[in-house]
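Results of the structural survey
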Amino acid sequence: MLDVNGAGLILGVVGTGVMGRGIAQLAAQAGITVWLLDSRPRAAAEARAAVGATLDALASKGRMSAEDARSAMARLEVVVDEASLAGCQVVVEAIVEDLRVKRELFTRLEGIVGPECLLATNTSSLSVTAIAASCERPGRVGGFHFFNPVPLMKVVEVIEGARTEPWVGEALVSLAKRLGHRPVRAADTPGFIVNHAGRGFGTEALRILQEGVASFDEIDRILRDAAGFRMGPFELLDLTGLDVSHPVMESVYEQFYQEPRFRPSYVLRQRLAAGLLGRKSGRGFYAHEGGRQQPVPARALPTGERRPVWVAADEPAWRDALLSLVRAAGWFPDDGERPAPESLCLIAPLGRDATTAALALEVDPARTVAVDLLFGPERRRTAMSTPVTRPAFLDSAVALLSADGTAVSRIHDSTGFVAQRVLATVVNVACDIAQQRIASPEDIDAAVTLGLGYPRGPLAWGDALGPRRLLKALEAIHAASGDPRYRASPWLSRRARLGVSLLTPESCP
């Protein structure tokens, strides 16, 4: 096996754009000699200078010593042609995402480097198996996918193609650790782990927008303030750029042969056609001025009339929480078995829309408002009306829910509200990654928290919310919509029924 921890390791980096220079910086800081090569004249020298400036900045801020910065800089060398890489033990390519170009590079490198040299691709979307297929020794080719910015995103996906030899994966795992990153191992499948797991967040939010359930800014508020995401999905789309995000959505969808879970939305295609790319164009979903997202004002809260409140919920704890809100606000609970004629019917369903829940309870839909309590009553609350809820009753519900100063979002009727739908989808996609043995449960959660910045790994998050609860929500949404995108992964359904953690691996390897 290749020893990647030795003092004499030489790493070649081909392609010195943002990703290549980030990998080079990490390696130089880790005591590795790095040879930089780029097909564009002076690009490698410019990359070396840029890394030097970064190292100097780190030293000036006290994040590394001046001596360490000089030593790291001394380990960065510019080479003039591919033949100069002959002495490398590892070569990482970070060139254009073009299968033909990558194949041609690796074919040339095979005739230059030694027989034990490891060839790694930083591809984010192409098949490692396909890249290696043109090589005489495809077994020494592996995926080594970093994220931008490389020094700050502390995760790297290690991908083994169909013919990758075991020593390659082991060597890349060891090299990732030497570089100070968390390696996660993934099978060679579309999107690997991070880009695969990330499909649930944006695609489901777009579906909710497409259905007219809520505005894009309200969806962002709910998922930020209630669910705890750092950014809402539409803020993230604007930041990444619709010209980047939409092709990735389409690519993953097509590579999985139109898997319904990954179905893109025409909403993005229309905005892309209109040139509404996000921050880079000055407008996407949000307006941007001077590189800053401009806020969309939240709707003013109504002054609703006080009235008796009849409460029902799919879970006993949720009913207790609603009754506590009613009493804390100084309103009067309607304790009757059936609601009185002028009582507000406040309900907390799981996975169902307000209409279905009201009809099942045999209460008047015109006086019914549903509340999402998946994340408890302490955070932003979501009030969902039926198509016939009278405005006066909706105003009363919002006034009650906001009486203690907690923010309230109003949405139209939908199975699973906003947060229930998105979180159930996020967890379900992660469960199916585990089910397909693309990665271990532990690596899935590590990849998502480090690569996507979610508050929790999706499997741990599913455990915290309750696998049975999420399964029930998915089954209700699936039954109501008939859309196979909401079918539950066997990984989720089996563990929910067994009452075990979603992070529990198979007992049989």
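Presented here is an overview of the structure given in this document. These figures come from a predicted structure and were not determined experimentally.

Here the focus is the overall build of the protein. Scanning the protein from N- to C-terminus turns up 20 helices and 15 strands. Scored against the burial criterion, the 509 residues of the protein give a buried share of 56%. Looking at the protein alone, contacts between residues at least 24 apart form 70% of all its contacts between residues at least 6 apart. When the accessible area of the protein is evaluated, it comes to approximately 21,000 Å², of which 53% is carbon and sulfur surface. Of the charged side chains in the protein, 57 are positive and 58 negative; the average position of the first set lies 2 Å away from that of the second.

The five strands are arranged E11-E12-E13-E14-E15 in an open sheet whose pairing can be described as mixed. The open sheet has two edge strands with one neighbour each: strand E11 (309-313) and strand E15 (408-411). Neighbour to neighbour, the strand axes of the sheet diverge by 25° on average, direction disregarded. As paired elements, strand E14 (residues 381-385) and E15 share four bridges and run parallel to each other. Bridged to Ala 383 within E15 is Arg 410. Together, E11, strand E12 (344-348), strand E13 (368-371) and E14 form the strand contacts of helix H13 (residues 316-328), whose direction differs from that of E11 by roughly 160°. Each of E11, E12, E13, E14 and E15 touches helix H15 (residues 391-401); the most contacted strand, E12, lies at about 60° to it.

What follows is about the environment of Leu 498. Considering the arrangement of structural elements, one finds Leu 498 in helix H20 (residues 490-498). Distance from Leu 498 to Pro 467, taken between C-alpha atoms, is 9.9 Å for residues 31 residues apart in sequence.

Turning our eyes to something else, we now look at the side chain of Lys 102. Following the sequence through the fold, Lys 102 ends up in helix H4 (residues 99-110). If we ignore the near neighbours within four places in the chain, the residues touching Lys 102 are Glu 93, Ile 95, Val 96, Glu 97, Thr 121, Thr 123, Leu 126 and Ile 131.

For the rest of this paragraph, the subject is unusual backbone geometry. Omega for the peptide link from Asn 148 to Pro 149 comes to 0°, which places this bond in the cis form. As for its position among the elements, Pro 149 is in the loop between strand E6 (141-145) and strand E7 (155-160). Even without a glycine there, the phi angle at Phe 192 is positive, about 50°. Position of Phe 192 among the secondary structure elements: in the loop between strand E8 (182-187) and helix H7 (194-197). Phi is positive for Glu 362, which is not a glycine, with a value near 60°. Along the chain, Glu 362 turns up in the loop between helix H14 (354-361) and E13.

With that settled, consider the packing of aromatic side chains. For the structure on display, the rule yields eleven aromatic pairs. Here the aromatic rings of Phe 229 and Tyr 454 are separated by 5.1 Å at their centres, their planes lie at 90°, and the arrangement is edge-to-face. With a gap of 225 residues between them, Phe 229 in the loop between helix H9 (216-226) and helix H10 (233-240) and Tyr 454 in the loop between helix H17 (441-452) and helix H18 (458-465) connect regions that are remote in the sequence. In this arrangement the basic side chain of Arg 271 is found over the ring face of Phe 285, its NZ or CZ atom lying 4.4 Å from the centre. Across the ring face of Trp 491, the terminal group of Arg 495 is positioned such that the distance to the ring centre comes to 3.5 Å.

Take the nonpolar core next. Of all hydrophobic cores here, the largest spans 101 residues; its most connected members are Ile 219, Phe 234, Phe 285 and Leu 423. Among the elements that make up this core, the one with the highest residue count is helix H16 (residues 419-435) (eleven residues). What Ile 219 contacts, discounting residues up to four positions off in sequence, is Ala 205, Ile 208, Leu 209, Ala 214, Pro 233, Phe 234 and Val 418. Residues Ala 24, Ala 27, Leu 36 and Phe 144 belong to the second largest nonpolar core, which totals 40 residues.

As a further point, take the pairing of E8. Pairing between E7 and E8: six bridges, direction parallel. Across the sheet, the residue bridging to Glu 160 is Ala 187, located in E8. Considered for its hand, the β-α-β crossover made up of E7, helix H6 (residues 166-178) and E8 is right-handed.

Let us now look at the packing of H16 against H20. Two elements in contact, H16 and H20, have axes separated by 7 Å at closest approach and are oriented at 95°. With respect to H20, the axis of H16 lies roughly perpendicular. Of the residues in H20, those in contact with Asn 428, Cys 431, Asp 432, Ala 434 and Gln 435 of H16 are Pro 490, Trp 491, Leu 492 and Arg 494. Along the lines of polarity and charge, the residues of the contact of H16 with H20 split into five nonpolar, two polar and two charged.

This next bit is on helix H2 (residues 43-60). For H2, which comprises 18 residues, the first-to-last C-alpha distance of 26 Å matches the rise-based estimate of 26 Å (1.5 Å per residue) to within 8%. For H2, the elements touching its buried residues are helix H1 (18-29), strand E2 (33-37), helix H3 (66-74) and strand E3 (76-78). Note on H2: the residue one or two positions beyond its end, Gly 62, has a positive phi of about 80°.

Across the sheet, eight strands lie side by side as E3-E2-E1-E4-E5-E6-E7-E8; this open sheet has mixed pairing. Strands at the two margins of the open sheet, each flanked by one partner only, are E3 and E8. Strand-to-strand twist in this sheet, taken as the mean axis angle between neighbours without regard to direction, amounts to 25°. With respect to the sheet, H4 is in contact with strand E1 (10-14), strand E4 (90-93), strand E5 (118-121) and E6, its orientation differing from that of E5 by roughly 170°.

At a minimum axis separation of 7 Å, H17 and H18 run at an interaxial angle of 100°. Judged on the interaxial angle alone, H18 and H17 are roughly perpendicular. Here Pro 441, Ile 444, Asp 445 and Val 448 of H17 come into contact with H18, specifically with Pro 458, Leu 459 and Ala 460.

This paragraph deals with H1. For H1, spanning twelve residues, the distance from its first C-alpha to its last is 17 Å, which sits close to the expected 16 Å at 1.5 Å a residue. Packing partners of the buried residues in H1 comprise E1, E2, H2, H3, E3 and E4. Following H1 by one or two positions, Gly 31 adopts a phi angle in the positive range, close to 85°.

This part takes up the side chain of His 181. When you line up the elements, His 181 lands in the loop between H6 and E8. Within the structure, His 181 has its side chain in polar contact with the backbone oxygen of Val 150 (distance 2.9 Å).

Each value, and the rule that gives it
Residues numbered from 1 in each chain as written. Predicted model: local features only at pLDDT ≥ 70, side-chain atom pairs only at ≥ 80, totals over all residues. Heavy atoms only, no water. Helix = DSSP H or I, 4+ residues; strand = E, 2+ residues; numbered from the N terminus. Buried < 20%, exposed > 50% of the residue type's maximum accessible area, 1.4 Å probe, protein only. Contact = heavy atoms within 4.5 Å. Areas by Shrake-Rupley, 256 points an atom, 1.4 Å probe, with all protein chains shown as cover. Lys, Arg positive; Asp, Glu negative; His and termini not counted. Charge placed at Lys NZ, Arg CZ, Asp CG, Glu CD. Pairing = 2+ DSSP bridges. Axes fitted to C-alpha atoms, helices over the stretch in contact; angles between N-to-C directions. Phe/Tyr/Trp six-rings, centres within 6.5 Å; stacked < 30°, edge-to-face > 60°. Lys NZ or Arg CZ within 6 Å of the ring centre and 35° of its normal. Core = buried A, V, L, I, M, F, W, Y, C linked by side-chain atoms within 4.5 Å. Right-handed = clockwise from strand over helix to strand, strands pointing away. Parallel < 35°, antiparallel > 145°, perpendicular 65-115°, else oblique. Nonpolar A, V, L, I, M, F, W, Y, C, P; charged D, E, K, R; others polar. Expected span 1.5 Å × (residues − 1). Polar contact = N/O pair within 3.5 Å; in protein donor to acceptor, adjacent residues only side chain to side chain.

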